[in-house]
Amino acid sequence: MAKNKRKNQILENITLVSAGAKGVAVGRTEEGKTVLVSGAVPGDVVNARVKKSKSKYFEAEIADLVEASPFRVLPRCIHFGVCGGCKWQNLSYEKQLEFKQNEVVNNILRIGGVDQFETQPILGAEKQYYYRNKMEFSFSDARWLTLDEVNSDAEIHDKNALGFHIPGMWSKILDLKECHLQEDPSNALRLAVKQYAVENNLDFFDVRNQEGFLRTMMLRQNSKGEWMVLFQLFREEKENREKLFAFLLENFPQIRTLLFAINPKGNDSIYDLDVQTYFGEGYLMEEMDGLKFKIGPKSFFQTNYAQALELYRKTLEFADLKGHEVVYDLYTGTGTIAQYVARNAKQVIGIESVQEAINAAEEHALLNGLDNCTFYCGDMKEVFTEEFLSQHPKADVLITDPPRDGMHQKVVEQILKLAPERIVYVSCNSATQARDIALMKEHYEVVKILPVDMFPQTHHVENIALLLRK
């Protein structure tokens, strides 16, 4: 009884004053306990329904919007609030940038324990919508039903969906009518595929029983407007597949290459699948300030091309290369940053744990005529060792761009032994970046930081930090 009472507890007239992690808005009760409210924006006054009660804070959702924030805007997408993809569509872009910058600065101050550094104004995105160059959609024969549909007595016949997973519900797919993340013809192509599949009785995937035909569809484009389409099919139905592909190629001349993979596994991961090319060369070419990159179906490439280009330009600026330096690039991926800076360096050494990424990095270096790049594959903490350092030239500049978890402590220790004059730390998670900076602050001074907004309408933010050896 007490549990139910606590679950339905309403906290009244909570004024939300700031943005917290994962896009929640933050306020306090009269007693001073923190309240994290999903779906709200800073400046709102709400009655909040408690979802979880912790010793130091409440997790809550809006029960009533008592007073709307002056920073609230009308969400552009009809799926806002259900999809879960663009949680800040209801917050003005100016304020999104302000809260992102504040989050980065506060993490460097509080977690990093550093207080003397220059903060350059956050680099906002020129395009706040239609900025992604890659989207993945799932097929389902049991789409997510709206509350009205659930409560209706009417029998529902149209249960097929092509869209996104509902957050926290692996088996439910939201049938997308529109999405504002990828430019045309993304929406037209997705809607045409669904309509064709329904009209031709193609089986949509049944995730619970693991059966069906159409499983996932990935759309990818380059900056020239050329498109890649990749289907994952649960089973082969050659005639149906070829008719669907012929329909797409006839109606969407933007498609440069069309691929498919048969996937009878329990997950949608593509990396261990045999991808077959039906049409085109099986890849797209991308160019960044004169560098060429071959983007295949399994390639990692920054999903916001325009902002990635700005990020690389700023990384090069922070590196301040004169042409004689040895540069180490940790977590190099497909070597994009390594090659971007290589034209201004004597030698670049890149390290990455994924062999396919290293193969791509080496192929790209050859393609771009860069003979001063060397790449090594392996787990960072196992490759980047004292033995490795003894066999390679000392780094003048070190660039690191780790995953969200940041760098392993052993990697930080090796960086301190390598002792480069300059470190450029690129991060997609300023909290783990700040943690790593705290481990280096006795030996390195944080000179300046630059937050970069790669993902408008979301709470995610990148940050570039420049550290100089003391």
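Just above sits the structure.
Here is what the cut-offs are and how they apply
- Residues take numbers from 1 onward in each chain, read along the sequence in its written order.
- The predicted nature of this model means local features are confined to residues of pLDDT at least 70 and side-chain atom pairs, given and counted, to a pLDDT of 80 or more, with totals for whole chains, interfaces and linings taken over all residues.
- Side-chain numbers here rest on the full set of heavy atoms in the structure, without hydrogens or water.
- Stacked, edge-to-face and tilted are the three classes for Phe, Tyr and Trp ring pairs, Trp counted by its six-membered ring, which pair at centre distances within 6.5 Å; planes under 30 degrees apart are stacked, over 60 edge-to-face, the rest tilted.
- Numbered from the N terminus, helices here are DSSP runs of H or I no shorter than four residues, and strands are runs of E no shorter than two.
- Type-normalised accessible area, obtained with a 1.4 Å probe on protein chains alone, sets the label of each residue: buried when under 20%, exposed when over 50%, and partly exposed for intermediate values.
- Only when the NZ atom of a Lys or the CZ atom of an Arg is both within 6 Å of the ring centre and within 35 degrees of the ring normal do we say a charge sits over the ring.
- Strands qualify as paired when DSSP identifies two bridges or more between them.
- To get an axis, a line is fitted to the C-alpha atoms, and for a helix only the part in contact is used. The angle between two axes follows their N-to-C directions and goes from 0 to 180 degrees.

Colleague: Help me understand the packing of aromatic side chains, please; the structure alone is not making it clear to me.
Modeller: Aromatic ring pairs are described here by two measures, namely the spacing of the ring centres and the angle between the planes. Counted by the stated rule, this structure contains 14 aromatic pairs. Ring centres of Y328 and F388 lie 6.4 Å apart, and the angle between their planes is 90 degrees; on these two criteria the pair is classed as edge-to-face. Taken as a pair, Y328 in strand 16 (residues 326-330) and F388 in helix 10 (residues 386-391) lie far apart in primary sequence, 60 residues in all. Under the relative-accessibility criterion, F388 is labelled buried at 6%. An aromatic cluster is present here, built from F139, F204, F231, F245, F260 and Y278 joined pairwise through their rings. Just above the ring of F58 sits the side chain of K33; from NZ or CZ to the centre is 4.1 Å. When the ring centre of Y129 is taken as reference, the NZ or CZ atom of R76 above it lies at 4.0 Å.

Colleague: Just checking my understanding: could you explain the sheet that holds strand 1 (residues 10-19) for this structure?
Modeller: Pairing between the strands of a sheet comes from backbone hydrogen bonds, and it takes one of two forms, parallel or antiparallel. One closed barrel holds the 5 strands; their spatial order is 1-2-3-5-4, and the pairing between them is mixed. Pairs of neighbouring strands in the sheet enclose a mean axial angle of 50 degrees, with direction left out of account.

Colleague: What should I look at first to understand unusual backbone geometry in this one?
Modeller: For residues that are not glycine, phi is negative in most cases, and the peptide bond is trans in most cases. The omega torsion of the bond from D184 to P185 falls at 10 degrees, within 30 degrees of zero and hence cis. Relative to the helices and strands, P185 is located in the loop between strand 9 (169-175) and helix 4 (186-199). The phi dihedral of Q210 is positive, around 50 degrees, even though this residue is not glycine. Residue class for Q210 comes out partly exposed when judged on its relative accessible area of 27%. In the Ramachandran plot, D320 falls in the positive-phi region, its phi being about 50 degrees despite a non-glycine side chain. Note on placement: D320 falls in the loop between helix 6 (305-319) and strand 16.

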